[in-house]
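Given next are the chains, with one letter for each unit.
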Amino acid sequence: MTSPDSIVSLSAVALRRLIGARQLSPVELLQACIERIEAVNPWVNAVTATAFEQARIQARAAERAVMQGEPLGLLHGLPLGVKDLEPTAGLLTTYGSAIYRGHVPEQDVELVARLRRAGAIVTAKTNVPEMGAGANSRNTVWGATGNPFDPNLNAGGSSGGSAAALATDMLPICTGSDTGGSLRIPAAKCGVVGFRPSPGVVPSVRKLLGWTPISVVGPMGRTVADACLQLAATAGMHAGDPLSYPLDPLSFLTPGLVDPGTLRVAYTEDFGVCAVDDGIRAVFREKIAAMRHLFAACDPVDIDLGDAHRCFDVLRAEAFVAGVGDAYEKDPDSLGPNTRANYELGAAMSLKDSAWAQAEQTRLVKRFQQLYEDYDLILSPTTPVSPFPWTKLYAEAINGERQENYYRWLALTYVITLTTHPAITLPCGRDHRGMPFGLQVVGRFRGDHALLGAAQGMESAFDRIETLRRPLPDLAALGPANPELRSIVTTPPLLEGAGAASSMSAV
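Source: prediction; values computed, not measured.

Caption draft 1: View of the overall build of the chain. Looking only at helices and strands, the chain features 14 helices and 17 strands. In terms of overall dimensions, the chain is globule-like: its C-alpha atoms have a radius of gyration of 21 Å, near the 23 Å expected for 507 residues. Overall size of the chain, expressed as C-alpha extent along the three principal axes, is 55 × 55 × 45 Å. Counting over 507 residues, the chain shows a buried share of 61%. Contacts spanning at least 24 positions in sequence make up 76% of the contacts within the chain whose residues lie at least 6 apart. As displayed, the chain has an accessible area near 18,600 Å², and 52% of this comes from carbon and sulfur atoms.

Take a look at the structure:
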């Protein structure tokens, strides 16, 4: 009989094949995931609210469907972790905010509904920063998510809980979303894959500004193929997202493996405008040296992104004004510092600021296309610093240079958000501090399939090179977090439907 540990370590693609071949029961898989959650989650705090009993009912139904020869969905029987920004019917959805501490939605958001229709079994929610603001997944409801490689350090955000859950094999599939890097950054910090699709590929119906291209939802996975599997189950047009368009979702199952030897790639340490730690710069150069022989060409490139920082400031602030304006007007103190800062920045802006930002983004997109006249992909680091203690809300300084706001350190990813190009983070060995290093790979405009095919080819090649292959956390070495100047309390058991207070409480 297969051991629970060996079951949960398999990829989502492999698990789905075993279920379809009647070699693995969804009931057995779910129980193995629950046991892993109960064993590991107290140390990393990635999982928040749980739905174990309801999931067991669904797993038994999924098992019967297999045995009776019924048609099976792409994700049939796979336990699913849903980022706590996505409403899930009957399961506590807090958005990481005390305002929503008791919020239980009556309906699934479209993303979750599609995953359920594909056969996924909603098992738990995963942790986020308050309202998704920032790249450190801590909040006053659930506490902080620790990095699977060192629970004293942050797991990134805002999809930090999903990334940590995947890295520790608690769940085989988890959702994510991305505005300034919320899929890519936690994936990089935890050693998994995070794919930011082009706007409209996966409908994002919960964004209040439907026409903005900066916020998307997308898949995470331990491998590119796992991300493609979730993408195939969720892509496709929906009127709730006016940027969505007709496409063939199943085409993402087999984007076409691309030989890296056919690719011309360019690389940049900082896109000309981003602060990057000297240690990360050195590591990135080492990674490029170790992989450049894989490509037809691998050249440094200069990039002109104009006033990308101010442009992102305005566009991001607009979304927060729309999203939290009512809550701020009722009680500003009910919101955390990151969320308040975004709202206040936007509330002080004018129509002139908004028009300038829209025009600057258009100029930036047009300039960025020039790079793809000579190259197929652009490579960069995903994050400018190694994971830091989660007690620090954000990276306040890089190379001694103070960052002007709490998200400026995310510039390596948010400048690509502005281009609207698809981008993926691939695990790429470790950095100078022994933590996961994420390589950001940016494809052509609307070139999602080509990027995924190239990413699969690169992933396969990296697996043969020790310094580039995906690192794995040592779960046996995990224990209670003990960050500097932070008292530790005992973690209660997970509460069905409500989750548990964290031993890494940020309160």
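Caption draft 2: Region of the structure containing the UniProt feature "domain: Amidase" (unreviewed entry) in the chain. When the UniProt feature table is mapped to this numbering, "domain: Amidase" (unreviewed entry) covers residues 28-452. For residues 28-452, the helix share is 35%, the strand share is 17%, and the end-to-end C-alpha distance is 31 Å.

Caption draft 3: Region of interest: the packing of helix H3 (residues 26-44) against helix H4 (residues 52-67). At a closest axis distance of 8 Å, the pairing of H3 and H4 adopts a crossing angle of 155°. Between H3 and H4, the angle is such that the two are roughly antiparallel. Residue-level contacts link Pro-26, Val-27, Leu-30, Gln-31, Ile-34, Ile-37 and Glu-38 of H3 to Phe-52, Ala-55, Arg-56, Ala-59, Arg-60, Ala-62 and Glu-63 of H4. Among the residues making up the contact of H3 with H4, the classes are represented as nine nonpolar, one polar and four charged.

Caption draft 4: Focus on the pairing of strand S9 (residues 193-196). Of the two faces of S9, the one lined by Val-193 and Phe-195 and the one lined by Gly-194 and Arg-196 are each fully buried. Judged from the two bridges that link them, S9 and strand S10 (residues 216-221) form a sheet pairing that is antiparallel. Within S10, the residue paired with Gly-194 across the bridge is Met-220. Where S9 meets strand S16 (residues 423-430), three bridges bridge the pair, whose relative direction is antiparallel. Pairing of Phe-195 across the sheet is with Ile-424, part of S16.

Caption draft 5: Quick peek at the sheet that holds strand S17 (residues 436-442). If you trace the eleven strands from one edge of the open sheet to the other, you get S1-S3-S2-S8-S10-S9-S16-S17-S13-S11-S12, paired in mixed fashion. Each having just a single partner strand, strand S1 (47-50) and strand S12 (297-300) make up the two edges of the open sheet. Going across the sheet, the axis of each strand differs from the next one's by a mean of 30°, ignoring polarity. With two bridges joining them, S1 and strand S3 (residues 121-126) adopt antiparallel strand pairing. Bridge pairing in S3 places Thr-50 opposite Ala-124. Across the sheet, helix H8 (residues 224-234) touches strand S8 (173-178), S9, S10 and S16, and the angle it forms with S10 is around 140°.

Caption draft 6: Looking closely at the environment of Asp-333. Its place among the elements puts Asp-333 in the loop between helix H10 (308-330) and helix H11 (337-347). A relative accessible area of 69% places Asp-333 in the exposed class. Note: C-alpha distance between Asp-333 and Pro-42 (291 residues apart in sequence) is 30 Å.

Caption draft 7: Region of interest: the layout of surface pockets. Considered as a void within the structure, the largest pocket measures approximately 810 Å³ in volume. Together, 34 residues line the largest pocket, and Leu-85, Met-131, Arg-206, Lys-207 and Gly-323 are the ones closest to its centre. Of all the elements in the fold, those that place two or more residues in the lining of the largest pocket are S8, S10 and H10. Among the elements that take part in the lining of the largest pocket, H10 stands out by supplying six residues, more than any other. Counted by class, the lining of the largest pocket contains 16 nonpolar, 13 polar and five charged residues.

Caption draft 8: Quick look at the pattern of salt bridges. Tallied over the entire structure, the rule returns 22 salt bridges. Linking Arg-36 and Asp-5 is a salt bridge whose minimum nitrogen-to-oxygen distance equals 3.0 Å. Placement of Arg-36 in helix H3 and of Asp-5 in helix H1 (residues 4-8) is noted, with a sequence separation of 31 residues between them. With a relative accessible area of 51%, Asp-5 lands in the exposed category.

Caption draft 9: Highlighting the environment of Ile-424. Residue placement: Ile-424 occurs in strand S16. On a C-alpha basis, the gap between Ile-424 and Ala-187 in space is 9.4 Å, while along the polypeptide they are 237 residues apart. Excluding anything up to four places from it in sequence, Ile-424 contacts Val-193, Gly-194, Phe-195, Val-224, Leu-439, Gln-440, Val-441, Leu-451, Leu-452 and Ala-455.

Conventions adopted
- Residues numbered from 1 in each chain as written.
- Predicted model: local features only at pLDDT ≥ 70, side-chain atom pairs only at ≥ 80, totals over all residues.
- Heavy atoms only, no water.
- Helix = DSSP H or I, 4+ residues; strand = E, 2+ residues; numbered from the N terminus.
- Rg over C-alpha atoms; globule rule 2.2 N^0.38 Å.
- Buried < 20%, exposed > 50% of the residue type's maximum accessible area, 1.4 Å probe, protein only.
- Contact = heavy atoms within 4.5 Å.
- Areas by Shrake-Rupley, 256 points an atom, 1.4 Å probe, with all protein chains shown as cover.
- UniProt positions renumbered as here; feature names shortened; annotations may be inferred.
- Axes fitted to C-alpha atoms, helices over the stretch in contact; angles between N-to-C directions.
- Parallel < 35°, antiparallel > 145°, perpendicular 65-115°, else oblique.
- Nonpolar A, V, L, I, M, F, W, Y, C, P; charged D, E, K, R; others polar.
- Pairing = 2+ DSSP bridges.
- 1 Å grid on protein atoms, 1.4 Å probe; cavity = no way out; pocket = protein on both sides within 12 Å on 5 of 7 lines; lining within 4 Å.
- Points joined across faces, edges and corners; volume = space filled by probe spheres on them.
- Salt bridge = Lys/Arg side-chain N within 4 Å of Asp/Glu carboxyl O.

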